[in-house]
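In case you want the letters, here they are:
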Amino acid sequence: MVNKKVALIGNMNNNFSAFCKYLINDGVDAKLFLLNNDYFHPSQDSFNNEWESYTSQLKWGSIETFTSYFFKEIKKEFSKYDFLIGCGTVPAFFYKAGLKLDVFVPYGSDLYSIPFYKIVNPKRQILSLKLSKNQKKGIKESASIFMAPTGGLLEKPLKKIKVISKVYQAGVPMLYYKDYYSSDFNKMKEKSDVSKKILELKKQNKIIIFHNSRHYWKTKEDFYAIKNNDSLFKGLKLLLQETNKESNFHIVTFEYGIDVDESKQLIKELDIENYVTWLPKSNRKDVMIGMSLSDIVVGELYHSSFSYGVIYEALALKKLIIHKRIDSLYENYYDELYPMLYADGPKTIKDIFLSIQDKPDLLKKTGNSGFDWFKKHKRGRKMYFSKALLPKSLSVFS
């Protein structure tokens, strides 16, 4: 793979931005291509301008661009590459262009939604049908699929597609963790508004509960997107009622998600506004600055999940994690699971807060253990990825 050209197409959650960094640092000639509907950008996750040298912007990716003009452009551009890795709508576009992905890395809706046609706006009906049909064909034609175990959330739609691809139960890097231990990160932290707000709270001896998941709990339209953020706020209220005294716990969350207003209204109704700080929707680098100063990270509380961005962010920054993970769904895939505290509703949140409120050493110890797991399994994924797919000379996760 070294000395051969690798293209990573699509950048949901900035996953491929991180992956590209690992490849480049390992001596691979890798390029990142952003789809025209990618709303994550490498600059949002970078502390310098290095991303400019390996990133290009495409004019296609959205349903409106699913036309023969772009299929010809795709064939011309990407036939130059020796290895193609894609996500999002890339399987559909590549299939129509007569190309096949070497690796498809689904992030969610590109597997559970796009391949399955739904009635949409009449003006987009035909294009939607074509996109769905070709997305399914493109996924089936991909040489391999890399997908971390999801406990059935993505395995079920994958089974429906009846893929002939080789499926590897491993994902790709979701973040370039070395950035968060760099001098550039520390310099930016000193200037950050997010940093200033959280440091002010810490001066008041607050225990920072960091919750950067998208607010999606009142709305039920997208089953896979439900987070149950409300359980966090209700759990804190239960704690205050049970102890009948002030608490040092303080939630920091972001104005991110369709149910932000509903969360704000709930917090008002629960009368815990003094226990919650809202920050504007932010780039990941600012989110990571805030998380680095926090004590606890709360993830998703509705679906059982093992790996998603918030989890790996917290592990990389040595934070105690609270979220919903049904261990029996994942024990067959890992020799050990990272340390965390299970919560799936207000009562379990309240019980956790009661159990850890006077144990700062536990927070630190659990965070350090999580980081040890992260480093160990980062090396494991490196070996797994290289042995399964790439030459041994390519250590993409070093």
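What you are looking at is a predicted structure, and each value in this text was computed from that prediction instead of being measured.

A. A look at a nonpolar patch on the surface. A cluster of nonpolar side chains, namely Ile326, Leu329 and Tyr342, defines an oily patch on the protein surface of about 220 Å² accessible area. Structurally, the position occupied by leucine 329 is in the loop between β12 (320-323) and β13 (341-342).

B. Summary view of the packing of helix α7 (residues 183-191) against helix α11 (residues 284-292). Where α7 contacts α11, the axes come no closer than 10 Å and their chain directions differ by 85°. Taken together, the axis directions place α7 and α11 in an arrangement best described as roughly perpendicular. Taking contact as the criterion, the partners of Phe185, Met188 and Lys189 in α7 are, on α11, Lys285, Met288, Ile289 and Ser292. Residues of the contact of α7 with α11, tallied by class, amount to 4 nonpolar, 1 polar and 2 charged.

C. The arrangement of the side chain of lysine 319 in detail. As for its position among the elements, lysine 319 is in the loop between α12 (309-316) and β12. Buried charged residue lysine 319 carries no salt bridge. Nearest counter-charge: aspartate 295, at 6.2 Å. A polar contact of 2.9 Å, which involves the side chain of lysine 319, links it to the backbone oxygen of serine 294. Here lysine 319 is in contact with Met291, Ser292, Leu293, Ser294, Val297, Ala314 and Gly367, once residues within four sequence places are set aside.

D. Region of interest: a positive patch on the surface. Together, Lys96, Lys130, Lys133 and Lys137 give the surface a local cluster of positive charge. Ranked by residues supplied to the positive patch, first place goes to helix α5 (residues 125-141) with 3 residues. Looking at the secondary structure, you find lysine 96 in helix α3 (residues 90-97). Judged by relative accessible area, lysine 96 falls into the partly exposed class, the value being 43%.

E. Summary view of helix α8 (residues 193-203). Of the residues making up α8, those classed as buried are Val194, Ser195, Ile198 and Leu201. Buried residues along α8 cover an arc of 125° about the axis, so they all sit on one side. Exposed side of α8, more than 90 degrees from the buried face: Asp193 and Lys203 are the residues found there. Those residues of α8 hidden inside the fold are in contact with α7, β8 (207-211), β9 (249-255), β10 (276-280) and α11. Looking one or two residues beyond α8, the residue adopting positive phi is asparagine 205, at roughly 65°.

F. Fine view of the nonpolar core. Among the nonpolar cores identified, the biggest contains 42 residues, and Phe210, Phe306, Tyr312, Leu315, Trp373 and Phe374 are the most heavily contacted of them. When contributions to this core are tallied by element, the ones reaching two or more residues are α1 (15-25), α8, β8, β9, α11, α12 and α14 (360-388). The greatest single-element share of this core, amounting to 6 residues, is contributed by α12. When near neighbours in sequence (up to four residues on either side) are disregarded, leucine 315 contacts Ile321, Tyr338, Gly370, Phe371, Trp373 and Phe374. Counting 32 residues, the second-largest nonpolar core is a separate cluster that includes Leu35, Ile63, Ala92 and Phe94.

G. Inspection of the pattern of salt bridges at higher detail. All told, the structure shown has 14 salt bridges when counted by the stated rule. Ionic pairing is found between arginine 284 and glutamate 313, a salt bridge with its closest N-O pair at 3.1 Å. Residue arginine 284 is found in helix α11, and its partner glutamate 313 is found in helix α12; the two are separated by 29 residues along the sequence. Relative accessible area serves as the criterion here: at 6%, glutamate 313 is assigned to the buried category. For lysine 376, the salt bridge is made with glutamate 336, and the minimal N-O distance between the two is 2.9 Å. Taken together, the positions of lysine 376 in helix α14 and glutamate 336 in the loop between β12 and β13 put the pair 40 residues apart, joining distant regions of the chain. Owing to a relative accessible area of 36%, lysine 376 belongs among the partly exposed residues under this scheme. Members of the salt-bridge network, linked through shared partners, are Glu242, Lys347, Lys350 and Asp351.

H. Looking closely at unusual backbone geometry. The backbone of asparagine 14 sits at a positive phi, close to 60°, despite the residue not being glycine. Residue asparagine 14 is classed as buried on the basis of its relative accessible area, which comes to 2%. Look at aspartate 271: it is not a glycine, yet its phi comes out positive at around 60°. In this fold, aspartate 271 is placed in the loop between α10 (260-270) and β10. Aspartate 271 sits in the exposed class, given a relative accessible area of 58%.

I. The arrangement of the sheet that holds strand β11 (residues 296-298) in detail. Taken in spatial order, the 6 strands of this open sheet run β10-β9-β8-β11-β12-β13, and their pairing is parallel. Of all strands in the sheet, those with a lone pairing partner are β10 and β13, marking the two edges. In the sheet, β9 pairs with β10 via 5 bridges, with the strands oriented parallel. From the neighbouring strand, valine 252 faces β10, where its bridge partner is threonine 277. With respect to the sheet, α12 is in contact with β11 and β12, its orientation differing from that of β12 by roughly 160°.

The rules behind the values
- Residues numbered from 1 in each chain as written.
- Predicted model: local features only at pLDDT ≥ 70, side-chain atom pairs only at ≥ 80, totals over all residues.
- Heavy atoms only, no water.
- Patch = residues over 30% accessible without salt bridge, like charges linked within 9 Å, V, L, I, M, F, W, Y side chains within 5 Å.
- Areas by Shrake-Rupley, 256 points an atom, 1.4 Å probe, with all protein chains shown as cover.
- Salt bridge = Lys/Arg side-chain N within 4 Å of Asp/Glu carboxyl O.
- Helix = DSSP H or I, 4+ residues; strand = E, 2+ residues; numbered from the N terminus.
- Axes fitted to C-alpha atoms, helices over the stretch in contact; angles between N-to-C directions.
- Parallel < 35°, antiparallel > 145°, perpendicular 65-115°, else oblique.
- Contact = heavy atoms within 4.5 Å.
- Nonpolar A, V, L, I, M, F, W, Y, C, P; charged D, E, K, R; others polar.
- Buried < 20%, exposed > 50% of the residue type's maximum accessible area, 1.4 Å probe, protein only.
- Lys, Arg positive; Asp, Glu negative; His and termini not counted.
- Polar contact = N/O pair within 3.5 Å; in protein donor to acceptor, adjacent residues only side chain to side chain.
- Charge placed at Lys NZ, Arg CZ, Asp CG, Glu CD.
- Arc of directions from axis to C-beta.
- Core = buried A, V, L, I, M, F, W, Y, C linked by side-chain atoms within 4.5 Å.
- Pairing = 2+ DSSP bridges.

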